Amino acid sequence: MKTLMTCLTAQRWPFLAALASALILGGAYFFQYVLGYDPCALCYDQRHIHQAVIAVGLIGGLALTQKPVQPYAMWICLIIGAIFVYSAGFAGWHAGIEYDWWDGPATCTAGATANVDVNSSDLLAILDGTGGPIVLCDEAAWTLLGISMAGYNALMSAGLAIASVFIGIKRR
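A short tour of the structure in this document, coming up. Small disclaimer: the values here were computed from a predicted structure and weren't measured.

What counts, and at which threshold
Residues numbered from 1 in each chain as written. Predicted model: local features only at pLDDT ≥ 70, side-chain atom pairs only at ≥ 80, totals over all residues. Heavy atoms only, no water. Helix = DSSP H or I, 4+ residues; strand = E, 2+ residues; numbered from the N terminus. Expected span 1.5 Å × (residues − 1). Patch = residues over 30% accessible without salt bridge, like charges linked within 9 Å, V, L, I, M, F, W, Y side chains within 5 Å. Areas by Shrake-Rupley, 256 points an atom, 1.4 Å probe, with all protein chains shown as cover. Salt bridge = Lys/Arg side-chain N within 4 Å of Asp/Glu carboxyl O. Phe/Tyr/Trp six-rings, centres within 6.5 Å; stacked < 30°, edge-to-face > 60°. Buried < 20%, exposed > 50% of the residue type's maximum accessible area, 1.4 Å probe, protein only.

### Comments concerning helix 4 (residues 73-98)
Here helix 4 spans 37 Å end to end across 26 residues, near enough to the 38 Å set by a 1.5 Å rise per residue. Count one or two residues on from helix 4 and you reach Asp-100, which has phi positive near 60°.

### Examining a nonpolar patch on the surface
Together, Tyr-29, Phe-30, Tyr-33, Val-34 and Leu-35 give the surface a local cluster of nonpolar side chains, amounting to about 540 Å² of exposed area. Tracing the backbone shows Tyr-33 in helix 2 (residues 13-34).

### Digging into the packing of aromatic side chains
Taken as a whole and assessed by the stated rule, the structure comprises seven aromatic pairs. Taken together, a centroid distance of 6.1 Å and an interplanar angle of 45° make the contact between Tyr-86 and Phe-90 tilted. Of the two residues, Tyr-86 and Phe-90 both sit in helix 4, four residues apart, roughly one turn of that helix. Here the aromatic rings of Phe-90 and Trp-93 are separated by 5.5 Å at their centres, their planes lie at 65°, and the arrangement is edge-to-face. In this pair, Phe-90 and Trp-93 both sit in helix 4, three residues apart, roughly one turn of the helix. The class for Phe-90 is buried, based on a relative accessible area of 14%. Among the aromatic residues, those joined into a ring-pair cluster are Phe-30, Phe-31 and Tyr-37.

In structure tokens form, the structure reads like this:
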């Protein structure tokens, strides 16, 4: 019976990384559409990062099925790892904003003192309720064991970044 480590090759990892990001995105959509937790602006940005992993993972994985590309498997894994590092950093920054460790962008935090440009149609949409809920980036909508969704995203992305680098370097 094959062990997990023998199955994790640099040629397979891009597909697995894409699957991991798809599962993370699926969780975010589940929280939004099933449980009713609306995302803030930074949450949407974090989704875009996982969408990039899915794209790179699928394109890289498909490219690695071609013999001439296979020597570049390590580099594809490292690129995916770099995206996961960025994801972990961005999600960690967002979690830090939620925990009041540092200030967030003035456009989506409570007590913002910056002038925010809102045109009249945006303001009317907000006032009549058709503009959607206003979700602040510095308030964690949900936590488990004191860790917010952004915090879990940071932890998962960091683990996936480490796996990407390890598999890329060790499992050529």
